[in-house]
Amino acid sequence: LHTILTKFFGEWLGISELALRLSSLAGCLVYFTALYRLSGLLFGGRLYRVLAVAALTLNPLVYDFMVASRGYGLALGLFTWSLYAALSYLVRGWQRSWLTAAGVFAGLSVAANLTFAVPAAALGFVLLLFGLGNPEERKFWPLVDGYIGPALAVAFAFNILPLLKASSEDFYFGAATPAEAIA
């Protein structure tokens, strides 16, 4: 996803440092808005919102990865939206639209940077634990269908489908065959 956005901005604005980093800046904006809404859901007051956003944004690791044009900032922003939607699902009465939004944002986060597969899977696991802990038996399968289905479908569309027609000639480094990689 980050590569597609970078290519889009590069074709639109020409090859420049701004065009190459514009998708990362968009990821920062996505992260800030999601974090502001998430802190409002958790803390409520305006002062606490600003303090939470500042504390989570001014962390040197977060700040450093936001400016790197590798998709970390966009992935973190999309994952934060996924976390906000998942918490909204749990807090605001189990509305399926929140759960589906959490799955779509988690899939987009994995599509922006594959390292976010672990936090997206962990969020899905936590949601499943909440579903198992619910006395109503019908909450478990909507969790599986509402979060895991959209997350896998979006991540598959961005990460796996482009590789189906790829061959070893399309890559610049690495072994040509699995046997060479093992050797």
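Residues numbered from 1 in each chain as written. Predicted model: local features only at pLDDT ≥ 70, side-chain atom pairs only at ≥ 80, totals over all residues. Heavy atoms only, no water.

### Let's talk about the packing of aromatic side chains
For the structure shown, the criterion picks out nine aromatic pairs. Plain terms: the ring middles of Y31 and F32 are 6.2 Å apart, the flat faces sit at 45° to each other, and that makes the pair tilted. For Y31, a relative accessible area of 5% puts it in the buried group. Look at F32 and you get partly exposed, because its relative accessible area is 35%. Their ring planes at 85° and their centres at 5.6 Å tell us that W81 and Y84 sit as a pair that is edge-to-face. Taken together, the residues W81 and Y84, both in helix α5 (residues 72–91) and three residues apart, mark about one turn of the helix. Grouping aromatic residues by their ring pairs yields a cluster made of W81, Y84, W98 and F105. Against the face of Y36 rests R49, its NZ or CZ located 4.1 Å from the ring centre. (Phe/Tyr/Trp six-rings, centres within 6.5 Å; stacked < 30°, edge-to-face > 60°. Buried < 20%, exposed > 50% of the residue type's maximum accessible area, 1.4 Å probe, protein only. Helix = DSSP H or I, 4+ residues; strand = E, 2+ residues; numbered from the N terminus. Lys NZ or Arg CZ within 6 Å of the ring centre and 35° of its normal.)

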